[in-house]
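Coordinate analysis (summary)
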Amino acid sequence: MASIFSRIINGEIPSYKIAEDENYFAFLDINPIVKGHTLVIPKKEVDYIFDVDDNALAGLILFSKRISKAIEKVVPCKRIGIAVLGLEVPHAHIHLVPINGGNDIDFSKPKLKLTQDEFLDIAAKIKSFL
């Protein structure tokens, strides 16, 4: 059975897409810990990030870098933090999280509740810098 992320890639589940190419897909996390929290995934479904082949993993990092540079232009932050947990969805993914301090990537924090218009606005602004 396809992961929820594969279903998002295939358009079976809607998302706030930031970018896509033939190998990777980036979209806003619908349960963000901060505005601009973005997920970047390989299109090929692989459960564990360190099982992704070397070239695809390198490409995933480079694709994430491009997305991060756009997020930085939209969300005030000192950096874009990167996190890989991989327990919640069996599809390798990278969290890109705007941060201002070391404790900003805390997945136990309450999630933001954004409106559809807020998600659409953030996605459009990030896309405008790609």
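This text follows the structure it describes.
Residues numbered from 1 in each chain as written. Predicted model: local features only at pLDDT ≥ 70, side-chain atom pairs only at ≥ 80, totals over all residues. Heavy atoms only, no water.

The next subject is the overall build of the protein chain. From N to C terminus, the protein chain includes 3 helices and 5 strands. Moving toward the C terminus, one meets the helices and strands of the protein chain in the order α-β-β-β-α-β-β-α. In summary, the protein chain has a C-alpha radius of gyration of 14 Å against a globular reference of 14 Å for 130 residues, a match within 12%. Taking the principal axes of its C-alpha atoms as reference, the protein chain extends roughly 35 × 30 × 30 Å. Across the 130 residues in the protein chain, those meeting the buried criterion constitute 42%. Sequence-distant contacts in the protein chain: of pairs separated by 6 or more residues, those separated by 24 or more amount to 60%. Just so you have it, the protein chain exposes about 7,400 Å², and 54% of that area is on carbon and sulfur atoms. Within the protein chain, the 17 negative side-chain charges are centred at a point lying 7 Å from the centre of the 16 positive side-chain charges. (Helix = DSSP H or I, 4+ residues; strand = E, 2+ residues; numbered from the N terminus. Rg over C-alpha atoms; globule rule 2.2 N^0.38 Å. Buried < 20%, exposed > 50% of the residue type's maximum accessible area, 1.4 Å probe, protein only. Contact = heavy atoms within 4.5 Å. Areas by Shrake-Rupley, 256 points an atom, 1.4 Å probe, with all protein chains shown as cover. Lys, Arg positive; Asp, Glu negative; His and termini not counted. Charge placed at Lys NZ, Arg CZ, Asp CG, Glu CD.)

The next subject is the packing of aromatic side chains. Enumeration according to the criterion identifies 5 aromatic pairs in this entry. When the ring of Tyr16 is compared with that of Phe119, the centres are 4.7 Å apart and the planes differ by 10 degrees; the resulting orientation is stacked. Taken together, the residues Tyr16 in the loop between helix H1 (4-9) and strand E1 (17-20) and Phe119 in helix H3 (residues 116-127) connect sequence positions 103 residues apart. Exposure class is identical for Tyr16 and Phe119. Each is buried. Here the aromatic cluster, defined as three or more aromatic residues joined through ring pairs, consists of Phe5, Phe25 and Phe27. (Phe/Tyr/Trp six-rings, centres within 6.5 Å; stacked < 30°, edge-to-face > 60°.)

A few words now on the side chain of Asp29. Of note, Asp29 is situated in the loop between strand E2 (24-28) and strand E3 (38-42). Of the side chains bearing the opposite charge, Lys111 lies closest to the buried Asp29, which forms no salt bridge; the N-O distance is 8.0 Å. Reaching out from Asp29, the side chain makes a polar contact with the backbone nitrogen of Asn31 at a distance of 2.7 Å. Setting aside residues no more than four positions away along its own chain, Asp29 makes contact with His37, Thr38, Leu39, His95 and Phe119. (Salt bridge = Lys/Arg side-chain N within 4 Å of Asp/Glu carboxyl O. Polar contact = N/O pair within 3.5 Å; in protein donor to acceptor, adjacent residues only side chain to side chain.)

A few words on the pattern of salt bridges. The tally for this structure, following the rule as stated, stands at 5 salt bridges. Between Arg7 and Glu12 there is a salt bridge whose closest N-O contact spans 3.2 Å. Bridged by salt links that share partners, the residues Lys17, Glu20 and Lys43 form one connected network.

Before going further, it helps to examine the pairing of E2. Of all 5 residues that make up E2, 5 are buried, and the element is covered over most of its length. Both faces of E2 are covered, namely the face carrying Tyr24, Ala26 and Leu28 and the face carrying Phe25 and Phe27. The hairpin formed by E1 and E2 contains 3 residues between the paired strands. The sheet contact formed by E2 and E3 spans 5 bridges and is antiparallel. What sits directly across from Phe25, in E3, is Ile41. (Pairing = 2+ DSSP bridges.)

Another aspect to go through is the environment of Asp106. Within the secondary structure, Asp106 sits in the loop between strand E5 (94-99) and H3. Look at Asp106 and you get partly exposed, because its relative accessible area is 29%. When the C-alpha atoms of Asp106 and Ile30 are compared, they prove to be 16 Å apart, with 76 residues separating the residues in sequence.

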